[in-house]
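Observations on the model geometry
Each chain, written out:
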Amino acid sequence: FVDALEKAVSSCSVMLVMIGPTWASAAAADGQRRLHQPSDFVRMEVEAALARNIRVIPVLVGDAEMPTAADLPASMAPLLRRHAYAISDRRWQYDVTQLLNILVKIPGVAPLRVQPPPAPPPPPAKAP
């Protein structure tokens, strides 16, 4: 799988790093943050893209905020210098369309002929 991951990353022009509210704090079974484990696949993908100078765009979803330097291993710190793009649940269609319009202007990115996905369902109502 690691070889396939490396091959896929090396063949892309742009990597979208989808960051949700718990992306940086997600923990493995041992309680350690996953991104701080060198064998974590998300970490490996992001590190590979950053090392190859592939354009990396953090995409914030679910009202997430960019992680801080303390949230990430040093090898992922360059991610923090990238301009993030936020996709709001309330403006999902518009935000995804805008992101697609940005992506097709990047050299090496093939024109996209897809419709943005439908907005995610609202979270379940909490019981009173």
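Residues numbered from 1 in each chain as written. Predicted model: local features only at pLDDT ≥ 70, side-chain atom pairs only at ≥ 80, totals over all residues. Heavy atoms only, no water.

Okay, the overall build of the protein chain next. In terms of helices and strands, the protein chain carries three helices and three strands. Among the 128 residues that make up the protein chain, the fraction classed as buried is 34%. Across the protein chain, contacts joining residues at least 24 apart in sequence account for 68% of those joining residues at least 6 apart. When the accessible area of the protein chain is evaluated, it comes to approximately 8,300 Å², of which 58% is carbon and sulfur surface. (Helix = DSSP H or I, 4+ residues; strand = E, 2+ residues; numbered from the N terminus. Buried < 20%, exposed > 50% of the residue type's maximum accessible area, 1.4 Å probe, protein only. Contact = heavy atoms within 4.5 Å. Areas by Shrake-Rupley, 256 points an atom, 1.4 Å probe, with all protein chains shown as cover.)

The next subject is the sheet that holds strand 1 (residues 14–19). Spatially, the three strands line up as an open sheet ordered 1-2-3, and their pairing is parallel. Of all strands in the sheet, those bounded by a partner on one side alone are strand 1 and strand 3 (85–87). Strand-to-strand, the axes of this sheet are offset by a mean angle of 30 degrees, without reference to chain direction. Across three bridges, strand 2 (residues 55–61) lies against strand 3 in parallel orientation. Directly across from Val61, in strand 3, lies its bridge partner Ile87. Helix 3 (residues 92–103) rests against strand 1, strand 2 and strand 3 of the sheet, and its axis sits at about 150 degrees to strand 3. (Pairing = 2+ DSSP bridges. Axes fitted to C-alpha atoms, helices over the stretch in contact; angles between N-to-C directions.)

Of all the residues in helix 2 (residues 41–51), the buried ones are Arg43, Met44, Val46, Ala48, Ala49 and Leu50. In this structure Asp40 caps helix 2, since a side-chain oxygen of it lies 3.3 Å from the backbone nitrogen of Val42. (Polar contact = N/O pair within 3.5 Å; in protein donor to acceptor, adjacent residues only side chain to side chain.)

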